[in-house]
Amino acid sequence: MTQDELKKAAACAALDYIVDGSIVGVGTGSTVNHFIDALAGVRTRIRGAVSSSEASSRRLAAHGIEVFDLNGIESLPVYVDGADEIDGSFAMIKGGGGALTREKIVAAVSERFICICDASKRVDVLGRFPLPVEVIPMACSHVSRELRRLGGEPRLREGLVTDNGNLILDVHGLQITDPVATETRINQIVGVVTNGLFAERGADVLLLAGAGGVERLLAH
Ligand code: 5RP
């Protein structure tokens, strides 16, 4: 199977976790695009979706799935999203698509985070994938200096402005052995909106697609 076929298999497995009559939290990325397409096939079972990016909102709307404003929602039983890396504690690096801040907000509201991945995303130690950090534009140089002090090598993601009007620094060279501590430390830098470590609120379920099928793994 190709990597894209594995992404699709993980995405389709997530349909089993949808709560009938509910609003579904929807992430961003190529794996989630498969999930949105699969969700269209069962759209009469759900009220609609809350989306983590303009791109996902457009795709949902194109399928006739109503997109709700998160501020009008009191509870979200399930959030489905991909990851760039996920470790054994289900802490993740996210933000390869630049949607990390809205993803983190929707994840925070949801009761259950279902992570959908192909097997290449599973790692022992986070950090080979550069850690995305969303930054207020005027703070870019300051935040870069602070990230270097922490041992990282930040590089501005050229040509990208986030849905929130900010910039992304991709931080190379970090070996993240304590994801909660690193997430907290980087978020304390003035000018950082948030970083792509999802450790404080990691995944609850991992649907990991490999050659042998989709493994359904629960957080400890
Ligand atoms: C977007 C994300 C994505 O979940 C992550 O980049 C994985 O993307 P893909 O499913 O395309 O591999 O965090 O901001």
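From a predicted model like this one, the values you see are computed outputs, not experimental measurements. Each chain carries its own residue numbering, running from 1 in the direction its sequence is written. At least 70 in pLDDT is required for a residue's local features to be given in this predicted model, at least 80 for side-chain atom pairs to be given and counted, and no such filter applies to totals for whole chains, interfaces and linings, which use all residues. Hydrogen atoms and water are omitted, and side-chain values are computed over all heavy atoms in the structure.

> Just to check I follow, could you spell out the sheet that holds strand 9 (residues 153–156) for this structure?
Two pairing modes exist for strands in a sheet, parallel and antiparallel, and in both the strands are linked by backbone hydrogen bonds. Pairing is antiparallel across the open sheet formed by 4 strands, whose spatial order is 9-10-8-11. The open sheet terminates on both sides in strands that have one partner only, identified here as strand 9 and strand 11 (192–195). When the angles between neighbouring strand axes are averaged without regard to direction, this sheet yields 30 degrees. Pairing between two strands requires that DSSP report at least two bridges joining them. Numbering of helices and strands starts at the N terminus; helices are DSSP runs of H or I of at least 4 residues and strands are runs of E of at least 2. Across 5 bridges, strand 8 (residues 131–135) lies against strand 10 (residues 167–172) in antiparallel orientation. Its bridge partner lying in strand 10, V133 is registered against L169. By definition, residues are in contact when any of their heavy atoms lie within 4.5 Å. The axes used here are C-alpha line fits, helices contributing only the stretch in contact, and every angle between their N-to-C directions lies in the interval 0 to 180 degrees. Across the sheet, helix 4 (residues 100–109) touches strand 8, strand 10 and strand 11, and the angle it forms with strand 11 is around 70 degrees. Sitting on the sheet, helix 6 (residues 179–187) is in contact with strand 8 and strand 11, with an inclination near 165 degrees to strand 11.

> Whenever I open this one, a nonpolar patch on the surface confuses me. Can you help?
Patch definition: residues above 30% relative accessible area lacking any salt bridge, with like charges linked at up to 9 Å and the nonpolar side chains Val, Leu, Ile, Met, Phe, Trp and Tyr linked at up to 5 Å. In these tables, accessible area is a Shrake-Rupley quantity obtained with a 1.4 Å probe, and a residue counts as shielded only by the protein chains included in the view. One speaks of a salt bridge when a side-chain nitrogen belonging to Lys or Arg is within 4 Å of a carboxyl oxygen belonging to Asp or Glu. Taken together, the side chains of I136, M138 and V193 define a hydrophobic patch exposed on the protein surface, amounting to about 310 Å² of accessible area. Tracing the chain through its elements places M138 in the loop between strand 8 and helix 5 (140–149).

> What am I meant to see in the pairing of strand 8 here?
Regular strands place side chains that alternate from one sheet face to the opposite one. Most of strand 8 is tucked away, with 5 of its 5 residues classed as buried. The rule is simple: take the accessible area with a 1.4 Å probe, protein chains only, and divide by the maximum for that residue type; under 20% is buried, over 50% is exposed, in between is partly exposed. Burial of the side chains of strand 8 extends over both faces: L131, V133 and V135 are buried on one face and P132 and E134 on the other. Two strands pair when backbone bridges link them, and strand 8 and strand 11 are joined in this way by 3 bridges, in the antiparallel orientation. Within strand 11, the residue paired with V133 across the bridge is N195.

> Could you clarify how one ought to interpret the layout of surface pockets in this entry?
To find leftover empty space, one rolls a probe the size of a water molecule over the atoms. If you add up the space inside the largest pocket, you get close to 190 Å³. T28, G29, S30, A83 and D84 are the residues nearest the centre of the largest pocket, which is lined by 16 residues in total. Looking at the lining of the largest pocket element by element, the count peaks at 3 residues for helix 2 (residues 30–40). Each residue receives one of three labels: charged for Asp, Glu, Lys and Arg, nonpolar for Ala, Val, Leu, Ile, Met, Phe, Trp, Tyr, Cys and Pro, and polar for the others, Gly being one of them. Counted by class, the lining of the largest pocket contains 2 nonpolar, 8 polar and 6 charged residues. Using protein atoms alone on a 1 Å grid, points that fit a 1.4 Å probe yet trap it form a cavity, whereas open point sets bounded by protein on both sides within 12 Å along at least five of seven lines form a pocket; residues with an atom within 4 Å of a point count as lining. Grid points are joined across faces, edges and corners, and a volume is the space filled by probe spheres set on the points.

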